[in-house]
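Structure assessment
Below are the chains, spelled out letter by letter.
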Amino acid sequence: MEVQEIRDVFTGQPVKKKKYDIDHFIPWSFVMNDELWNLMPMDASLNSSKSNRLPKWNPFFQNFAQNQYLMYQMIYDDMGIYKS
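A brief report on the enclosed structure follows. Remember, predicted model here, so these are calculated numbers, not experimental data. (Residues numbered from 1 in each chain as written. Predicted model: local features only at pLDDT ≥ 70, side-chain atom pairs only at ≥ 80, totals over all residues. Heavy atoms only, no water.)

This part takes up unusual backbone geometry. Despite not being glycine, Lys18 shows a phi value in the positive range, around 75°. Within the secondary structure, Lys18 is located in the segment before strand S1 (20-24). Taking relative accessible area as the criterion, Lys18 reaches 80% and is therefore assigned exposed. One non-glycine residue, Met32, lies in the positive phi region at around 50°. (Helix = DSSP H or I, 4+ residues; strand = E, 2+ residues; numbered from the N terminus. Buried < 20%, exposed > 50% of the residue type's maximum accessible area, 1.4 Å probe, protein only.)

Rolling a probe over the atoms, with the probe sized like a water molecule, indicates the empty space that remains. Its boundaries defined by the atoms lining it, the second largest pocket holds a volume of some 170 Å³. Among the elements that make up the lining of the second largest pocket, the one with the highest residue count is helix H2 (residues 44-50) (three residues). By residue class, the composition of the lining of the second largest pocket is six nonpolar, one polar and three charged. (1 Å grid on protein atoms, 1.4 Å probe; cavity = no way out; pocket = protein on both sides within 12 Å on 5 of 7 lines; lining within 4 Å. Points joined across faces, edges and corners; volume = space filled by probe spheres on them. Nonpolar A, V, L, I, M, F, W, Y, C, P; charged D, E, K, R; others polar.)

Moving on, we come to the pattern of salt bridges. Scanning the entire structure with this criterion turns up one salt bridge. One salt bridge in this structure joins Glu5 and Arg7, with 3.3 Å as the shortest N-O distance. (Salt bridge = Lys/Arg side-chain N within 4 Å of Asp/Glu carboxyl O.)

What follows is the structure in structure tokens.
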């Protein structure tokens, strides 16, 4: 978030530094992994309400994919980000 603005997949709002959780886009109970592609920052107050339900695909996947693209682009540009 210090390098690039990150938007919450579900709200479209910028994720605020100190007010976010790292969540699984596809709940862990469905894919049972903590791989980077499935993790995303999201508003901490929404994380618990999401629970372990699968997100609706159409309204959220484009934002999820955009965040993934930004993340991997930042890692490609500066491997130090990945190791932090």
